[in-house]
Amino acid sequence: MTKLLNYSRREFTRVASSLLSLSLLPSIASKAEISPGLLAKPIPKSNEYLPVIGMGTWITFNVGNSQQLRAQRTQVLDTFFSMGGKIVDSSPMCGSAEEVVGNCLLKTGSEKLFSATKTWTSSTQEGIKQFKDSQDLWGVERFELLQIHNLVNWRGHLKMLRNLKDQNKIKYIGITTSHGRRHSEVEHILKNEDIDFLQLTYNIVDREAEAKLLPLALEKGVAVIANRPFQGGGLPKLTRNMTLPDVAKELGCYSWPQLLLNYSVSHPAITCAIPATSKVSHMQENMHTLTGQLASAEQRDEILMTYLRQS
Ligand SMILES: NC(=O)c1ccc[n+]([C@@H]2O[C@H](COP(=O)([O-])OP(=O)(O)OC[C@H]3O[C@@H](n4cnc5c(N)ncnc54)[C@H](OP(=O)(O)O)[C@@H]3O)[C@@H](O)[C@H]2O)c1
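Below is a short write-up of the structure. (Residues numbered from 1 in each chain as written. Predicted model: local features only at pLDDT ≥ 70, side-chain atom pairs only at ≥ 80, totals over all residues.)

Re helix α5 (residues 154-166)
Then step 1. For α5, with 13 residues, the first-to-last C-alpha span of 18 Å sits near the 18 Å given by 1.5 Å per residue.
Then step 2. Of all the residues in α5, the buried ones are W154, H157, M160, L161 and L164. Buried residues of α5, seen end-on, are gathered within an arc of 125° and therefore sit on one face of the element. Turned more than 90 degrees off the buried face of α5, the exposed positions are R155, K159, N163 and D166.
Then step 3. On its buried face, α5 is in contact with β5 (114-119), α4 (124-138), β6 (143-148), β7 (170-176) and α6 (183-192).
Then step 4. A positive phi of about 65° marks N168, the residue just after α5. (Helix = DSSP H or I, 4+ residues; strand = E, 2+ residues; numbered from the N terminus. Expected span 1.5 Å × (residues − 1). Buried ≥ 20, exposed ≤ 12 C-beta atoms within 10 Å, placed from the backbone. Arc of directions from axis to C-beta. Contact = placed C-beta atoms within 7 Å.)

Rendered as structure tokens:
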């Protein structure tokens, strides 16, 4: 059997069927809250469903005070919500992005929002202040997810995050990394701490997480958010002139960006991906992925082989 993905087909089938049985359990925020027919996966710790495509904000929503750019990003966010999106990811590290998201939410409304931000400071005290700032900037009292950005001072912040969870100010606790960094430390946290979410880089090129972290997250029941699904924008450029494989049609994908997103979110351990875009047309294209089918192990192999042959 080919083992293209460092992930055996037997293992794929085992985790896929455990996900299937999970999806048969009654859910808290049930699938009914997700528009019918859209691809969604359960958060393992709660069985609350999330659409598999979310939205990142780094760079794309860091547009400062320009009213024109803020109005345009409001259209991007509005498109995201109207096409079934829920999870929006930001961070105090993203310049004005949190403030701009808050400004856009005033116009789009936040009924559909699953809010995810981060703590990004080496000081535990400053972490508490950052959370209050995030509440003000987004205009939300309670965040669904608070993540420790790039593991900075994770020991200090975990205690603060647990307190916030006990006080019902956040629903889920997470950690983040990217670019394949500090995976052994992430492994240590997954093995020894009770967390709900892990965010890491996972795309058709950056697949290091398949070896240890994704199987471990599945075993521990930790939801995984794939950041940089387009490798920061490089992958759509690289694939622009590539032929689509036959499998694209079967999956309901009409473009490489959609296939790339499908590749990230069809890994059994990945709960959702958070592509970032500054354009309504790209948001429409990316969100269309939700109307298709998740690739099987064989279809993932075909996507990967087609990509490798043409790259
Ligand atoms: N450590 C961390 O916690 C961490 C680290 C990195 C990233 N993140 C999170 O992950 C999110 C995503 O990562 P990212 O922003 O670095 O990169 P990304 O989502 O991989 O790529 C974003 C780029 O892709 C382009 N793009 C989007 N849709 C497209 C389409 N359909 N066709 C062609 N180009 C398209 C965008 O350009 P246009 O604007 O022209 O569409 C943008 O330049 C971030 O925004 C952030 O929220 C977290």
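Having seen the structure, we can now continue with the description.
Re the sheet that holds strand β3 (residues 55-56)
Then step 1. Across the sheet, which stays open at both edges, the 8 strands sit in the order β3-β4-β5-β6-β7-β8-β9-β10 with parallel pairing between neighbours. Of all strands in the sheet, those bounded by a partner on one side alone are β3 and β10 (270-273).
Then step 2. The pairing of β5 with β6 spans 4 bridges and is classified as parallel. Each residue of the ladder has a partner; that of A116, found in β6, is L145.
Then step 3. Strands β5 and β6 of the sheet are contacted by α4, whose axis makes an angle of about 145° with β5.
Then step 4. Packed on one face of the sheet, helix α10 (residues 256-265) meets β9 (223-227) and β10 and runs near 150° to β10. (Pairing = 2+ DSSP bridges. Axes fitted to C-alpha atoms, helices over the stretch in contact; angles between N-to-C directions.)

Things to note about the site of the ligand
Then step 1. Around the ligand, a shell composed of 30 residues is seen, among which G56, N227, G233, P236 and A276 lie nearest.
Then step 2. Considering each element in turn, the shell around the ligand owes the most residues, 3 residues, to helix α11 (residues 280-287). (Near = placed C-beta within 6 Å.)

Here's the deal with the environment of N286
Then step 1. Its location among the elements puts N286 in helix α11.
Then step 2. With 28 C-beta atoms packed within 10 Å, N286 lands in the buried category.
Then step 3. Setting aside chain neighbours within four positions, we find N286 in contact with I53, P257, L261, P275 and T277.

A word on the nonpolar core
Then step 1. Of all hydrophobic cores here, the largest spans 80 residues; its most connected members are L198, V224, C272 and A273.
Then step 2. In terms of residue count, the dominant contributor to this core is α10 (6 residues).
Then step 3. Once residues within four sequence positions are removed from consideration, C272 is found in contact with K41, L50, P51, V52, I53, G54, I87, I225 and V265. (Core = buried A, V, L, I, M, F, W, Y, C linked by C-beta atoms within 7 Å.)

Some words on the environment of K165
Then step 1. Within the fold, K165 resides in helix α5.
Then step 2. Between the C-alpha atom of K165 and that of R142, which follows or precedes it by 23 residues, the distance is 9.8 Å.
Then step 3. Sequence-distant contacts of K165, defined by excluding residues within four places in its chain, comprise I170 and I173.

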